[in-house]
Amino acid sequence: MEKEVIEKFMRMAIALSEQNIKQKLGGPFGAVIVKDGKVIAASANRVIPETDPTAHAEVSAIRLACKELNTYDLSGCEIYTSCEPCPMCLGAIYWARIEKIYYANTQTDAAGIGFDDQLIYRELECNMAERKLAFEQVLHDEGLAVFKLWETLALKNGNEIV
């Protein structure tokens, strides 16, 4: 894609982030999802107005894009985000199968203004027993039975496993 087009979409994401703080709606983050050179969805950070800690700009834009395209698979799409995605958003981008991320600010820039995700990055590297958040496995056999049911039905019906 041409540099001018990439910069146009990035400016849209940055404008969303700026508008969000000027309207006192939340953090300075914006995201735009594009497919075949067309904007499919755009969102700023929606954590405060939605009272939803998962409503980051990238996740909100992914939700909108999936509704717009009537699919959970955003293959062929790109995301333009005003900041390098946090661990949650990065996971959502992978799950949505978005093919490329363009970003403006880095995670270090975000940490510098109080949005520091280093705890999460460090925790992901730890074994569960060493994490600050307690983990305890309960009813594994019962949970596994449902997974086996899914596997059986998915294979029988030819369903794609997502």
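My aim in this report is to walk through the structure given alongside it, one point at a time. (Residues numbered from 1 in each chain as written. Predicted model: local features only at pLDDT ≥ 70, side-chain atom pairs only at ≥ 80, totals over all residues. Heavy atoms only, no water.)

**Section: the overall build of the protein chain**
- Helix and strand content of the protein chain: seven helices and four strands.
- For the protein chain, the succession of helices and strands along the chain, N to C, is α-β-β-α-α-β-α-β-α-α-α.
- Based on the C-alpha atoms only, the size of the protein chain along its principal axes is roughly 50 × 40 × 30 Å.
- For the protein chain, restricting intrachain contacts to residue pairs at least 6 apart in sequence, the fraction spanning at least 24 positions comes to 48%.
- Total accessible area on the protein chain is roughly 10900 Å²; 56% of this is exposed by carbon and sulfur atoms. (Helix = DSSP H or I, 4+ residues; strand = E, 2+ residues; numbered from the N terminus. Contact = heavy atoms within 4.5 Å. Areas by Shrake-Rupley, 256 points an atom, 1.4 Å probe, with all protein chains shown as cover.)

**Regarding the pattern of salt bridges**
- Evaluation of the coordinates by the stated rule reveals six salt bridges.
- The salt bridge involving Glu 7 is made with Lys 3; its shortest N-O contact spans 3.8 Å. Taken together, the residues Glu 7 and Lys 3, both in helix H1 (residues 3-22) and four residues apart, mark about one turn of the helix.
- Taking the relative accessible area as the measure of exposure, Lys 3 reaches 56% and is therefore exposed. (Salt bridge = Lys/Arg side-chain N within 4 Å of Asp/Glu carboxyl O. Buried < 20%, exposed > 50% of the residue type's maximum accessible area, 1.4 Å probe, protein only.)

**Here we look at the sheet that holds strand S2 (residues 38-44)**
- Taken together, four strands build an open sheet; the order of strands is S2-S1-S3-S4 and the sheet is mixed. Edge positions in the open sheet fall to S2 and strand S4 (100-105), since each of these has one partner strand only. Strand-to-strand twist in this sheet, taken as the mean axis angle between neighbours without regard to direction, amounts to 15°.
- Inspection of the sheet shows strand S3 (residues 77-83) paired to S4 by five bridges, in the parallel sense. Within S4, the position partnered with Thr 81 by the bridge is Tyr 103. (Pairing = 2+ DSSP bridges. Axes fitted to C-alpha atoms, helices over the stretch in contact; angles between N-to-C directions.)

**Structural notes on the packing of aromatic side chains**
- Applying the stated criterion across every chain, the model contains three aromatic pairs.
- Between Phe 9 and Tyr 80 the ring centres are 5.2 Å apart and the planes differ by 50°, which places this aromatic pair in the tilted class. Note that Phe 9 is positioned in helix H1 and Tyr 80 in strand S3, a separation of 71 residues in sequence.
- Using a relative accessible area of 1% as the deciding quantity, one classes Phe 9 as buried.
- For Tyr 80, a relative accessible area of 0% gives the class buried. (Phe/Tyr/Trp six-rings, centres within 6.5 Å; stacked < 30°, edge-to-face > 60°.)

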